[in-house]
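# Architecture and fold: a report
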Amino acid sequence: MDKYECGPCGHVYDPEVGDPDNGIAPGTPFEDLPDDWECPVCGVSKDMFEKVD
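Now for a look at the structure at hand. (Residues numbered from 1 in each chain as written. Predicted model: local features only at pLDDT ≥ 70, side-chain atom pairs only at ≥ 80, totals over all residues. Heavy atoms only, no water.)

## Points about the environment of Gly-43
Tracing the backbone through its elements, the reader meets Gly-43 in the loop between strand 2 (12-13) and strand 3 (49-51). Residues Gly-43 and Cys-6 lie 37 residues apart in sequence; the distance between their C-alpha atoms is 9.8 Å. (Helix = DSSP H or I, 4+ residues; strand = E, 2+ residues; numbered from the N terminus.)

## Points about the side chain of Lys-46
Among the structural elements, Lys-46 can be located in the loop between strand 2 and strand 3. A distance of 3.4 Å separates a polar atom in the side chain of Lys-46 from the backbone oxygen of Phe-30. Setting aside its immediate chain neighbours within four residues, Lys-46 contacts Phe-30, Glu-31, Leu-33, Pro-34, Asp-35 and Trp-37. (Polar contact = N/O pair within 3.5 Å; in protein donor to acceptor, adjacent residues only side chain to side chain. Contact = heavy atoms within 4.5 Å.)

## Regarding the packing of aromatic side chains
All told, the structure shown has 6 aromatic pairs when counted by the stated rule. Taken together, a centroid distance of 6.2 Å and an interplanar angle of 85° make the contact between Phe-30 and Trp-37 edge-to-face. Residue Trp-37 is classed as buried on the basis of its relative accessible area of 5%. What links up through ring pairs into an aromatic cluster is the set Tyr-4, Tyr-13, Phe-30, Trp-37 and Phe-49. The ring of Phe-30 has Lys-46 sitting right over it, with the charged end atom 5.3 Å from the ring centre. (Phe/Tyr/Trp six-rings, centres within 6.5 Å; stacked < 30°, edge-to-face > 60°. Buried < 20%, exposed > 50% of the residue type's maximum accessible area, 1.4 Å probe, protein only. Lys NZ or Arg CZ within 6 Å of the ring centre and 35° of its normal.)

## Description of the nonpolar core
The tendency in soluble globular proteins is for nonpolar side chains to be buried side by side. One finds Tyr-4, Cys-6, Tyr-13, Ile-24, Phe-30, Leu-33, Trp-37, Cys-39, Val-44 and Phe-49 forming the largest nonpolar core, which totals 10 residues. Not counting the four nearest positions on each side in its chain, Ile-24 is found in contact with Tyr-13, Gly-18, Asp-19, Leu-33, Pro-34 and Trp-37. (Core = buried A, V, L, I, M, F, W, Y, C linked by side-chain atoms within 4.5 Å.)

What follows is the structure in structure tokens.
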């Protein structure tokens, strides 16, 4: 599964970890995050994230 990085703050969403503080279980691909999910660090929308190579 691909990791995605927040453009403004550099936070990396790792699907193996998920975002348990916001109800996202480990193993959740970025593509399956809810449309209203926001960066847990800076609060921007998921369209501000780019895939990390």
